[in-house]
Each structure stands twice: as structure tokens, then as C-alpha cells.
Amino acid sequence: MAAQPQREWFEKDYYKVLGVPETATDKEIRRAYRKLAKEHHPDSNPGHEERFKDISAAYDVLSDDEKRKAYDEVRRLGPMAGGFGAGPGGFGAGAPGGGGFTFTTEDLGDLGGLGDLFGNLFGGGGGRRRGGQNVGPRRGDDLETELHLSFLDAVNGVTTTVNLTSEAACHTCHGSGAAPGTTPVVCPTCGGRGAVETNQGPFSFSRACPHCNGRGTIVESPCPTCKGSGVERRPRQVKVRIPAGVDDGQRIRLKGRGGAGRNGGPPGDLYVVVHVSPHELFNRKGKDLVLTVPVTFPEAVLGAEIKVPTLDGGPVTLRIPAGTRSGRTFRVKGRGVPVSKGAGDLLVTTEVAVPAKLTTDQREAVETLAETTKESPRSHLGV
């Protein structure tokens, strides 16, 4: 399903919000978001809530290829992209024979002053109730929370829960707004459609039903907990499945688990930002695991077979060829991060261990080696 333009798309330059050019790559956008999100997160910077909300909204659009494409098209076309072209809800969609103009309350709201003019002419009030309050179903807010994982859980994946306090469907009426034992009834004004239409010559004006505020139903006996809104603010736990191989700073979207919608609107989404703790032995490089293994001087010079640990428990045998230099990396296939497209590899880098103290026999052996070594490894430096 194609991404639907939002009114905010006309008002805000999301590229400017993230401080990136319109030609920015996905990687540049992700890097800019992580930096700004860390700087302006409300937990560490109280008072930055609006800025953080703008940053999250910009990343939500620009990190999604489909939304970004639609956003760029909207910005290119300007106000004419807001639903006023031919087709459903646009010019020619409402009058018989396709010769008239159909306006919705959203259309008039996006027209600003002209919307008020058309709204007054056709009785719509510019798509808003008196006093500026929105009517009709409204989608819930997108929310963001953080989750801290161990290195092992991030590599293998885990199902866990996150705790947050937010608006959610009322636990008493389950979001209906009606008192227990009762149910909302169909609105007699709009017949359950949530909208009423007014025909003015060639114009057909559609607006949210003033009786039910666009819900299509009427609550005759309001819920005592939420007073008929269907929404309450409360602590809640949300189950989240973390896929294997998740990266530090990765943002996971849980569709429909954000703030509760209003007037029968759908809930928003919940975004979980993952923070991964470091491991005492292993590091990560994409889907590969990285491990540094010390080897003795004799092992590096003469060659050896050594045991190296793996993250899944069982050690593997690694053959070190004679003459191995410090810093050389060996690849153990399939012992990295088990991502969906196939496990990565284990990258083992050798580090020649130099003993801080020598026994008498060891010193004599090293001195004998030094006496028999005639060629300098620095001869190519010309000094």
C-alpha cells in the first residue's frame, strides 16, 4: 500500500531537521539520526521533547524507502500534491459526471485561510470544530523507548518486554468509551459513516459528523474510568521480539503498539531503540565476530595448532602457519552472528605475546637466537 502524505510533510523539511542533504544515503541518514537522538533524548535532556519528536518523525519518513519517495514527490509538487488532483477525494470526484469538486475537511484544513473561506461557504468550518479542536478519527502518537541487551542476547535474538507509561486503550471499556454492560450505538445523524455531505452547486463538501465527531457511533453511557474517551494513561508492558544479529543503536518498529488513537482512530507505532553491552572477549563487525588471540613467539615462528573459543560455547582448532606475524587475521567460516541470511564468520587476529620476565633458560635461548640472527628486519629503512 502506497504511503499516504501527511499534512506535516508540507510544513517541515525533514532533511533540514536531520541536517542532511536530499541526496543523503540511508547510512548517512541513520548516522545523523542516532547522533541527534542521543543529544536531544528527553530522558537526558528535559525540555527537548518537541525537538526529539521532530527528529523521530523525520527519521520515520526518510528511513523508509516508500515514505521517502512519497515525501520527496510531495515536496516537489507542493500543495497540489495534497489530494487535490483527479481521483478519489480530488477535483472531479464528487459531482455527477466528474465535473464538480469534492472537498474533505482535511483538504480544507490544508488550505489554511482559503480552507476557512470554503468551510464557511459550505458550512464546514474549515475542517475543524469551533475553538480549533480536531474532529474525526485521529491516529495515536508514535512512541519511542529504549532496551538494553547483553551481547549474547543481541547476537542470538531474544523475546522480552519493555515497560513504558503512555496513553492506551482504557482497561475498563477496552477502548469503546462505553460503560461496562453497554455498547456504543450507531450515530443517527450520519448512519455510522462518520461524515456528512453538503452539496453546493458544483461543489460537494464532506465533513466529520458534528454529532459523533466522526466516530460513527454515540456513547450514551460513558465509561466511568475514561469518561467516554476510550483512552487512559497508564503503565504497560509490551512484548518485543528482538531478531538475531540486532545492532547497537538499531531501531525496531512495533506496528500499532504506540499511543492509543482518538475517536476510533488507529494506534500509533512503538519504536524500540536497542543498546548492546560489550562482551569481554568478542567484538562485532557487521555479521562477523572479531576475536584477538595471543600466541607465543615459538608458536608464531614455528607454527602451531591452537584452541580458540566461540560464542556458542564449543572451541575450534585453528592452525597457525610458521612465520605468522602479529596482527594476522584468520577466518573461521560460519561461527559468527547467526543472521537470517546466513551466519557470519569468526575473525581471529593473532597477537604475539612478549613475556615481561624471562627465566634463565629462556633468556639464554633468546640470546642464542639473537647471536645467530644476522639479517636486520629494518634493513629496508636505510638506517
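It should be noted that the structure appears before, not after, this text.
The rules behind each value
- Residues numbered from 1 in each chain as written.
- Predicted model: local features only at pLDDT ≥ 70, side-chain atom pairs only at ≥ 80, totals over all residues.
- Heavy atoms only, no water.
- Helix = DSSP H or I, 4+ residues; strand = E, 2+ residues; numbered from the N terminus.
- Polar contact = N/O pair within 3.5 Å; in protein donor to acceptor, adjacent residues only side chain to side chain.
- Salt bridge = Lys/Arg side-chain N within 4 Å of Asp/Glu carboxyl O.
- Buried < 20%, exposed > 50% of the residue type's maximum accessible area, 1.4 Å probe, protein only.
- Contact = heavy atoms within 4.5 Å.
- Core = buried A, V, L, I, M, F, W, Y, C linked by side-chain atoms within 4.5 Å.
- Pairing = 2+ DSSP bridges.
- Axes fitted to C-alpha atoms, helices over the stretch in contact; angles between N-to-C directions.
- Patch = residues over 30% accessible without salt bridge, like charges linked within 9 Å, V, L, I, M, F, W, Y side chains within 5 Å.
- Areas by Shrake-Rupley, 256 points an atom, 1.4 Å probe, with all protein chains shown as cover.

J.: Please set out the side chain of glutamate 232 residue by residue, giving values where relevant.
T.: The residue glutamate 232 is located in strand E8 (residues 231-242) in this model. A polar contact of 2.6 Å, which involves the side chain of glutamate 232, links it to the side chain of histidine 171.

J.: Could you give an account of the pattern of salt bridges, naming the residues involved and the relevant values?
T.: Applying the stated criterion across every chain yields a total of 14 salt bridges. In this structure, arginine 234 and glutamate 232 form a salt bridge, with 3.2 Å as the shortest nitrogen-oxygen distance. Two residues, aspartate 312 and arginine 335, come together in a salt bridge whose shortest N-O distance is 2.9 Å. Of this pair, aspartate 312 sits in the loop between strand E13 (304-308) and strand E14 (316-320) while arginine 335 sits in the loop between strand E15 (329-332) and strand E16 (338-339), placing them 23 residues apart in sequence. Arginine 335 sits in the partly exposed class, given a relative accessible area of 26%.

J.: An account of the side chain of aspartate 345 is needed here, citing residue identities and associated values.
T.: Inspection of the secondary structure assignment puts aspartate 345 in the loop between strand E17 (342-343) and strand E18 (346-352). Side chain to side chain, aspartate 345 and arginine 331 meet in a polar contact 2.9 Å long. If near-sequence neighbours (up to four positions away) are discounted, aspartate 345 is found in contact with Lys287, Asp288, Leu289, Arg331, Val332, Lys333, Gly334, Arg335 and Gly336.

J.: Tell me about the nonpolar core, and please be specific about residues and values.
T.: Counting residues in each nonpolar core, the largest one holds 22 residues, and the members touching the most others are Trp9, Tyr14, Leu18, Val20, Ile29, Leu62 and Tyr71. By residue number, the principal contributor to this core is helix H4 (residues 49-62), which donates six residues. Other than its neighbours up to four places away in sequence, tyrosine 71 contacts Trp9, Lys12, Asp13, Tyr14, Tyr15, Val61 and Leu62. In this structure, Leu291, Val293, Ala304 and Phe330 belong to the second largest nonpolar core, which totals 20 residues.

J.: Pulling in residues and values, what's your account of the sheet that holds E15?
T.: Here four strands make up an open sheet; going across it, the order is E11-E12-E18-E15 and the pairing mixed. The open sheet is flanked by strand E11 (283-285) and E15, the only strands paired with a single partner. The mean angle between the axes of side-by-side strands here comes to 35°, regardless of whether they run parallel or antiparallel.

J.: Mind laying out the sheet that holds strand E9 (residues 251-254), listing which residues take part and the relevant values?
T.: Here we have three strands laid out as an open sheet, ordered E2-E10-E9, and mixed in their pairing. The strands lining the two open edges of the sheet, one partner per strand, are strand E2 (143-149) and E9. Taken over all neighbouring pairs, the strand axes of this sheet differ in orientation by 30° on average, direction set aside.

J.: Before we move on, can you summarise a nonpolar patch on the surface with the specific residues and values?
T.: On the surface, a nonpolar cluster with roughly 390 Å² of combined accessible area is contributed by Phe297, Val301, Leu302 and Leu369. Considering every element that reaches the nonpolar patch, the biggest residue donor is helix H9 (residues 297-302), with three residues.

J.: Let's hear about the environment of glycine 259: which residues, and what values?
T.: Assignment of secondary structure puts glycine 259 in the loop between E9 and strand E10 (270-276). As a C-alpha pair, glycine 259 and alanine 169 span 90 residues in sequence and 8.7 Å in three-dimensional space. Dropping the residues within four chain positions of it, glycine 259 is found in contact with Gly140, Asp141, Leu143, Glu167, Arg236, Pro267 and Gly268.

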